[in-house]
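Report on the structure
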Amino acid sequence: MAPYPDRIVVIGAGPVGLVLSLALAQADLRVCLVEALGEDNFLEQVPRAGTNHPATLEMFDRIGLYERLEPRGIIAPVFHYWDRAEGKLIAAFDHAHLKNDTRFPYVLQCERIKIVEEALQMAKAHPNIEVRLATEFVSFSQDGDGVTARVVNGVGEPEIIAGRYIVSCEGARSIVRKELGIAFEGFTYEDRTLNIEVAYDFRKHGYAERNYISDPQEWSNLFHWKGPPDRWRVHFPTDPRADEATLTSPEALQARMQKFLPTGKPFDIIGSNLYVVHQRVAQKFRIGRAILAGDSAHVNSPIGAMGMNSGIHDAINLADKLIAMARKESDDSVLDRYERQRRHVAIAHTQAQTIRNKRLLAERDPVVRKRNHDELRRTAEDPERARQFLLRTALFESLREADAIA
Ligand SMILES: Cc1cc2nc3c(=O)[nH]c(=O)nc-3n(C[C@H](O)[C@H](O)[C@H](O)COP(=O)(O)OP(=O)(O)OC[C@H]3O[C@@H](n4cnc5c(N)ncnc54)[C@H](O)[C@@H]3O)c2cc1C
């Protein structure tokens, strides 16, 4: 049989697959990037992630993506915790406390769709990346020397794409993970999250660009995105027994918004979607020449904005290891270190923190709520405690801990 082409096969041109491909290509590795969506529908994806933490901005900067994203996003140094029942601001956290820790003491509110649009343009322009849009990955096999991916190409024909390694950046439904028989351990929340996008300036009510709102009946998140038109995204929990059509009817969306903020005038609702929230981590991130990264390896609730961010951290960690291997600076045992590092972060940071975040916002016991809110207030008021808090929420602590793992 012909030798395997000396390239990495990356499945999925989401944020993780694109960042991985760019980091590899810029270090002179060759990549074949396979994406099911085509030119015609690539930008028709439902709204998802969008808060990019400082550590992630450093990574975007390393691959030249940051300068393309900043003009399309909103620089947001401050985020808020609110008590909806009391109608009061609990605490404001300012990333300025991290000014000596990072060149980016703020988050960038820039939606996933803009990130993939810009990164895809860069990938298409890079001579080391072969971008295969409208190509559906179906299955794969591997041996000691390489991998063979089976795809259906843009004209509906079966095709083989071979390489040295395959990286599944396919998202939560990863075929690679399923074919490898890797368990996706964890749980799924009973309640789904309703996302409503509205054109309305919530800042006139004192909100920051990014807000976490606690309420014993109906917690929410409120985020600002750059237009045109400028939009705000509001997340709400939903009754597990209610059907989607009822929850997302125009009247139901309007009623929910009016309950959240009674303005007396109808909100200009731009869109909505309902999604199921999972908290799961793959039991293994690598078997042989097949590796998982991003949502194919771990999924979590969006409260705290950690899913896409931690996936991008996987991509950069993995890129550095594949680059070191290509340069013969290390053997493939570094891929096991990738698993040890990033699985630890997924479990001890991303899962733990997002589960805690949801509990904090949804807490019903008034004594516990008061204790939590007092604690947040004290943390925000003490500069060193606020810095430590932000190092954790902005994911620096997870990166430091991963670095220390042999
Ligand atoms: C409502 C919502 C809000 C969120 N907000 C945040 C946030 O603020 N911050 C944050 O960090 N995270 C957030 N997340 C999570 C975030 O969206 C994901 O973690 C992130 O998109 C994962 O990136 P990925 O590249 O791993 O996978 P995906 O973004 O799922 O991309 C996978 C890609 O693979 C392609 N693909 C899939 N199957 C195949 C196949 N068989 N063949 C070829 N291609 C295939 C898909 O078309 C897609 O392009 C949110 C999620 C939701 C649902």
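Up top you'll find the structure we're talking about.
Thresholds, definitions, all that
- Residues numbered from 1 in each chain as written.
- Predicted model: local features only at pLDDT ≥ 70, side-chain atom pairs only at ≥ 80, totals over all residues.
- Heavy atoms only, no water.
- Disulfide = S-S within 2.5 Å.
- Buried < 20%, exposed > 50% of the residue type's maximum accessible area, 1.4 Å probe, protein only.
- Phe/Tyr/Trp six-rings, centres within 6.5 Å; stacked < 30°, edge-to-face > 60°.
- Helix = DSSP H or I, 4+ residues; strand = E, 2+ residues; numbered from the N terminus.
- Lys NZ or Arg CZ within 6 Å of the ring centre and 35° of its normal.
- Contact = heavy atoms within 4.5 Å.
- Salt bridge = Lys/Arg side-chain N within 4 Å of Asp/Glu carboxyl O.

The next point concerns the state of the cysteines. This model, assessed by the stated rule, comprises zero disulfides. Free of any disulfide, Cys169 has its nearest neighbouring cysteine sulfur in Cys32, separated by 13 Å. Overall, Cys169 belongs to the buried group, its relative accessible area being 8%.

A separate point is the packing of aromatic side chains. Aromatic ring pairs are reported here in terms of the distance separating the ring centres and the angle at which the planes meet. Evaluated as defined, the whole model comprises 21 aromatic pairs. With a centroid separation of 6.4 Å and 20° between ring planes, the pair formed by Tyr207 and Phe260 is classed as stacked. Taken together, the positions of Tyr207 in the loop between β14 (193–199) and β15 (210–214) and Phe260 in helix α7 (residues 250–260) put the pair 53 residues apart, joining distant regions of the chain. You can call Tyr207 buried: its relative accessible area is 13%. Since its relative accessible area comes to 7%, Phe260 is described here as buried. Relative to Phe223, the ring of Tyr212 has its centre 5.8 Å away and its plane inclined at 75°; by these criteria the two rings are edge-to-face. Residue Tyr212 is found in strand β15, and its partner Phe223 is found in strand β16 (residues 220–225); the two are separated by eleven residues along the sequence. Members of the aromatic cluster, each reached through a chain of ring pairs, are Trp82, Tyr200, Phe202, Tyr207, Trp232, Phe236, Phe260 and Phe267. The ring of Phe184 has Arg177 lying over it, and the distance from NZ or CZ to the ring centre is 3.6 Å. The residue whose ring lies beneath Arg210 is Phe79, and the NZ or CZ to ring-centre distance is 4.4 Å.

Relative to the assigned elements, Glu339 resides in helix α9 (residues 333–362). With residues near it in sequence (within four places) discarded, Glu339 still touches Lys284, Phe285, Arg286 and His344.

With the rule as written, the count across this model stands at 34 salt bridges. A salt bridge links Glu130 to Arg7; the shortest N-O distance between them is 3.2 Å. Here Glu130 is found in strand β8 (residues 129–132), whereas its partner Arg7 is found in the segment before β1 (8–11), with 123 residues between them in sequence. On the basis of relative accessible area, Glu130 is assigned to the partly exposed category, the value being 34%. Relative accessible area serves as the criterion here: at 14%, Arg7 is assigned to the buried category. Between Arg241 and Asp239 there is a salt bridge, with the nearest N and O atoms lying 2.9 Å from each other. Bridged by salt links that share partners, the residues Glu111, Lys114, Glu197, Arg231 and Arg233 form one connected network.

Our next topic: the environment of Asp6. When you line up the elements, Asp6 lands in the segment before β1. Spatially, the C-alpha atom of Asp6 lies 8.8 Å from that of Val31, the residues being 25 residues apart in sequence. Apart from the residues lying within four places of it in its own chain, the contact partners of Asp6 are Arg30 and Arg164.

Time to look at unusual backbone geometry. Following Gly227, the chain continues to Pro228 via a peptide bond in cis, the omega torsion being 10°. In this structure, Pro228 sits in the loop between β16 and β17 (231–237). A cis amide bond links Pro228 with the next residue in sequence, Pro229, at an omega value of -15°. Position of Pro229 among the secondary structure elements: in the loop between β16 and β17. Here Asp28, not a glycine, exhibits a phi torsion of approximately 75°, which is positive. When you line up the elements, Asp28 lands in the loop between α1 (15–26) and β2 (31–34). Accessibility expressed as a relative area gives 65% for Asp28, which makes it exposed.

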